[in-house]
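Listed below, chain by chain, are the residues.
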Amino acid sequence: MIEKIAELVLNCNNCVVLTGAGISAESGVPTFRGKEGLWGKFRPEELATMDAFMANPDIVWEWYNWRRDLMGKVEPNKGHYAISDLEKHFQNFTLVTQNVDNLHRIADTKQILELHGNINRNKCADCGKVIEIEHDIDPGNIPHCDHCQGKIRPDVVWFGEMLDADIISGAFDAAERAEIFFTIGTSAVVQPAASLPITAKQRGATLIEINTEETPISGLADFVIQKPSGQFLPQLVEYIEKKKAGE
Ligand code: APR
């Protein structure tokens with residue numbers, strides 16, 4: 001399997017990688033679904049919504065402060081770094097991530113589209129202006145926008161909200177051009193991200209899934225690797241680099 005995938009990598013120019021929470025699991029970041037269970041006592045579907053924020057902004061900020069604190073303590077794992085190494089082998093490479101944990105940036109991947117925003121950024125809940133705030137947000141004393149006095153919220157996409165139009169069209173453009181599409185560590189159930197691998201496959205790409213569990217798109221994939229991404233990706237990159245060196 002690894003030989004065939006390496007052969008493809010060395011003979012393709014256009015690659016898209018879609019990642020989900022699973023790529024960060026080996027960094028100690030719990031996933032939303034899957035065997036690892038949910039984020040502590042909170043469920044994303046109940047809290048990552050504008051309704052929840054309007055009703056209980058303090059609870060939503062409590063959850064995001066807990067997540068920010070967690071993200072502040074974790075590092076990229078070998079899977080993140082392997083994706084940055086993989087990027088160097090392609091003329092056109094796009095990483096589309098559903099994660100808001102910033103770990104792909106820290107691992108120095110260059111072409112990143114953050115579909116669901118970035119947990120470290122804040123914005124106004126009313127006018128959407130991105131607001132730089134150096135200190136932690138006190139859930140009991142949420143700051144207000146200096147432009148319109150709206151409440152400050154995390155700059156992440158919540159359930160039921162629209163994604164950034166430029167980012168999502170960039171992701172679909174890349175998926176339509178992809179010759180090889182990796183879907184890594186995502187349960188492939190949240191739209192529109194879950195449509196990206198299907199779009200790529202329909203346009204003739206080779207679809208490779210790396211996930212510790214089966215997902216709704218495992219049946220569509222050309223290769224299904226049920227291994228931790230932090231274990232398989234470094235092996236793949238090492239094999240590619242040896243092959244390229246003519247070993
Ligand atoms: N290696 C590979 N895959 C893994 C690993 C690992 N080490 N650990 C877990 N997984 C897989 C799980 O089997 C699961 O299929 O990662 C997937 C994580 O799925 P989710 O928790 O649903 O995360 P994700 O797919 O990113 O969720 C999409 O839903 O809650 C919203 O906005 C949130 O971006 C998130 C979106």
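Cut-offs applied
- Residues numbered from 1 in each chain as written.
- Predicted model: local features only at pLDDT ≥ 70, side-chain atom pairs only at ≥ 80, totals over all residues.
- Heavy atoms only, no water.
- Buried < 20%, exposed > 50% of the residue type's maximum accessible area, 1.4 Å probe, protein only.
- Helix = DSSP H or I, 4+ residues; strand = E, 2+ residues; numbered from the N terminus.
- Pairing = 2+ DSSP bridges.
- Expected span 1.5 Å × (residues − 1).
- Contact = heavy atoms within 4.5 Å.
- Near = heavy atom within 4 Å.
- Polar contact = N/O pair within 3.5 Å; in protein donor to acceptor, adjacent residues only side chain to side chain.
- Domains from an automatic or database assignment.
- Axes fitted to C-alpha atoms, helices over the stretch in contact; angles between N-to-C directions.
- Parallel < 35°, antiparallel > 145°, perpendicular 65-115°, else oblique.
- Left-handed = near helix turned anticlockwise from the far one by under 90°.
- Phe/Tyr/Trp six-rings, centres within 6.5 Å; stacked < 30°, edge-to-face > 60°.
- Lys NZ or Arg CZ within 6 Å of the ring centre and 35° of its normal.
- Right-handed = clockwise from strand over helix to strand, strands pointing away.

**Describing the pairing of strand S2 (residues 92–97)**
Burial of S2 is extensive: five of the six residues sit out of reach of the surface. Here three bridges tie S2 to strand S3 (residues 112–114), and the two strands are oriented parallel to one another. Bridge pairing in S3 links Thr 97 to Glu 114.

**Topic: helix H5 (residues 57–73)**
Its 17 residues give H5 an end-to-end C-alpha distance of 24 Å, which sits within 8% of 24 Å, the value for a rise of 1.5 Å per residue. On its buried face, H5 is in contact with helix H3 (44–47), helix H4 (50–55), strand S4 (117–124) and strand S6 (152–156).

**Topic: the site of the ligand**
Lining the immediate environment of the ligand, one finds 22 residues, of which Phe 32, Arg 33, Thr 186, Ser 187 and Asn 211 sit closest. In the model, an oxygen atom of the ligand is placed 2.7 Å from a nitrogen or oxygen of the Phe 32 main chain. Contact between the ligand and Ser 187: an oxygen atom at 2.6 Å from a side-chain N or O atom of the residue. Taken domain by domain, the makeup of the shell around the ligand includes at least three residues from each of domain 1 (1–28 + 76–116 + 163–247) and domain 2 (30–73 + 124–156).

**Points about the packing of helix H1 (residues 2–11) against helix H10 (residues 229–244)**
Running from N to C, H1 and H10 cross one another at 60°; their axes reach a closest spacing of 9 Å. Judged by the inter-axis angle, H1 sits oblique to H10. H10 is crossed by H1, and the crossing has right-handed handedness. For the pair H1 and H10, contact is made by Ile 2, Glu 3, Ile 5, Ala 6, Glu 7, Val 9 and Leu 10 and by Phe 232, Gln 235, Leu 236, Tyr 239, Ile 240, Lys 243 and Lys 244, respectively.

**Focus: the packing of aromatic side chains**
The full count for this structure, using the stated rule, is four aromatic pairs. Judged by centre distance (5.5 Å) and plane angle (45°), the ring pair of Phe 53 and Trp 158 falls under tilted. Of this pair, Phe 53 sits in helix H4 while Trp 158 sits in the loop between S6 and helix H8 (165–177), and the two are 105 residues apart along the sequence. Residue Trp 158 is classed as buried on the basis of its relative accessible area, which comes to 2%. The structure contains a cluster of three or more aromatic residues connected by ring pairs, namely Phe 53, Trp 63, Tyr 64 and Trp 158. Taking NZ or CZ as reference, Arg 67 lies 4.7 Å from the ring centre of Trp 63, over its face. Its end group placed over the ring of Trp 158, Arg 153 keeps NZ or CZ at 3.7 Å from the ring centre.

**Examining the packing of helix H6 (residues 78–87) against H10**
Where H6 contacts H10, the axes come no closer than 7 Å and their chain directions differ by 30°. Taken together, the axes of H6 and H10 lie roughly parallel to each other. The two elements H6 and H10 cross, and the hand of that crossing is left-handed. When H6 is examined against H10, the residues Lys 78, Gly 79, Ala 82, Ile 83, Asp 85 and Leu 86 are found in contact with a partner set consisting of Ser 229, Gly 230, Leu 233, Pro 234, Val 237, Ile 240 and Glu 241.

**Some remarks on the pairing of strand S8 (residues 206–210)**
S8 sits mainly inside the fold: five of its five residues count as buried. Covered by surrounding structure in S8 are Thr 206, Ile 208 and Ile 210 together with Leu 207 and Glu 209, the residues of both alternating faces. For strand S7 (residues 180–184) and S8, the ladder comprises five bridges, and the chain directions are parallel. Note on S8: the bridge partner recorded for Phe 182 is Ile 208. The β-α-β motif built from S7, the intervening helix H9 (residues 195–202) and the parallel element S8 has right-handed crossover chirality. Across three bridges, S8 lies against strand S9 (residues 223–225) in parallel orientation. Bridging across to S9, Ile 208 finds its partner in Phe 223.

**Structural notes on the sheet that holds S6**
An order of S5-S4-S6 is seen for the three strands of this open sheet, with the pairing classed as antiparallel. Whereas interior strands pair on both sides, the edge strands pair on one side only; in this sheet they are strand S5 (130–131) and S6. Of the pairings in the sheet, the one linking S4 to S5 comprises two bridges and is antiparallel in character. Paired with Asn 122 across the strands is Ile 131, a residue of S5. Docked against the sheet, H5 engages S4 and S6, running at close to 140° with respect to S4.

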